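Here is what each chain is made of, one letter per residue.
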Amino acid sequence: MGIWEELRREEFWNWLPETGGEFFDACFDMAPETIGPGERRQSHGRVGYLLSGSAVLTAEGAARDAEKGTLFGAKDSRTALETELYARTPCTVFWMDGAILRSVCYSACWFHARFCKEAEAYFRKMGRGSGAP
């Protein structure tokens with residue numbers, strides 16, 4: 001199974017059609033990264049999705065545990081949240097250009113609108129308006 005198929009099996013991404021990965025990759029510089037245990041990564045304005053592993057996310061002085069299925073790097077669909085990921089176990093993170101949440105892509109694809117809707121609902125559910133990572 002390829003990485004895009006694995007991503008599409010996730011509840012957050014199950015709406016993405018088979019060809020959706022190609023669009024996201026082209027429009028949002030969406031790319032997976034494997035991060036070893038004990039390694040750290042900064043979001044640098046990117047949005048991340050933890051596809052596998054466990055980590056600690058730190059932002060604005062607050063830390064929280066993160067498991068597979070965690071979206072991070074933004075407070076809501078308009079506001080980036082600089083976040084540090086510390087990998088407890090081997091992690092696979094899908095990184096996306098943070099502009100994915102703040103601007104319409106040149107294709108104006110429905111994938112983008114749906115992603116923003118899903119991300120907004122996710123952040124609202126997680127209480128990110130409070131500034132938690």
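Counting of residues starts from 1 at the beginning of each chain's written sequence and follows it residue by residue. Per-residue local features of the predicted model are confined to residues with pLDDT of at least 70, and side-chain atom pairs are confined, for both listing and counting, to 80 or more; whole-chain, interface and lining totals are unaffected and use all residues. Side-chain numbers come from the whole structure's heavy atoms, not from hydrogens or water.

1. Let's talk about the overall build of the protein chain
Where helices and strands are cited, they refer to DSSP runs of H or I of at least four residues and of E of at least two residues respectively, numbered from the N terminus. When its secondary structure is counted, the protein chain shows 3 helices and 8 strands. Helices and strands appear in the protein chain in the N-to-C order α-α-β-β-β-β-β-β-β-β-α. Here, residues are in contact when the closest pair of their heavy atoms is within 4.5 Å. A sequence separation of at least 24 residues applies to 71% of the contacts in the protein chain between residues at least 6 apart. Methods summary: accessible areas were calculated by the Shrake-Rupley approach with a probe of 1.4 Å, and residue burial reflects only the protein chains presented. Counting only carbon and sulfur atoms, one obtains 49% of the accessible surface of the protein chain, whose full area is about 6,600 Å².

2. A short note on the sheet that holds strand β2 (residues 40-42)
Hydrogen bonding along the main chain pairs the strands of a sheet, whether they run parallel or antiparallel. Paired strands, as defined in this entry, are two strands with at least two bridges between them according to DSSP. Reading across the sheet, the 4 strands line up as β2-β7-β4-β5 and stay open at both edges, with antiparallel pairing between neighbours. Of all the strands in the sheet, the pair left with one neighbour each is β2 and β5 (62-67). Averaged over neighbouring strand pairs, the angle between their axes works out to 25 degrees when direction is ignored. Helix axes use the C-alpha atoms of the stretch in contact, all axes being lines fitted to C-alpha atoms, and the angles between their N-to-C directions lie in the range 0 to 180 degrees.

3. Considerations on the sheet that holds strand β8 (residues 91-97)
Reading across from one edge, β1-β8-β3-β6 is the order of the 4 strands in this open sheet, with antiparallel pairing throughout. Sheet topology places β1 (31-35) and β6 (70-72) at the edges, where each strand pairs with a single neighbour. Direction aside, neighbouring strands of the sheet carry axes that sit 25 degrees apart on average. As paired elements, strand β3 (residues 46-52) and β8 share 6 bridges and run antiparallel to each other. Residue pairing for β8: leucine 50 is matched across the bridge by valine 93.

4. Let's talk about the confidence of the model for the protein chain
For the protein chain, the mean per-residue pLDDT works out to 83, and 83% of the residues sit at or above 70. Mean pLDDT per element in the protein chain: helix α2 (residues 20-28) is the minimum at 66, and strand β7 (residues 84-87) is the maximum at 98. One number per residue, pLDDT, summarises how confident the predictor is, and it ranges from 0 to 100.

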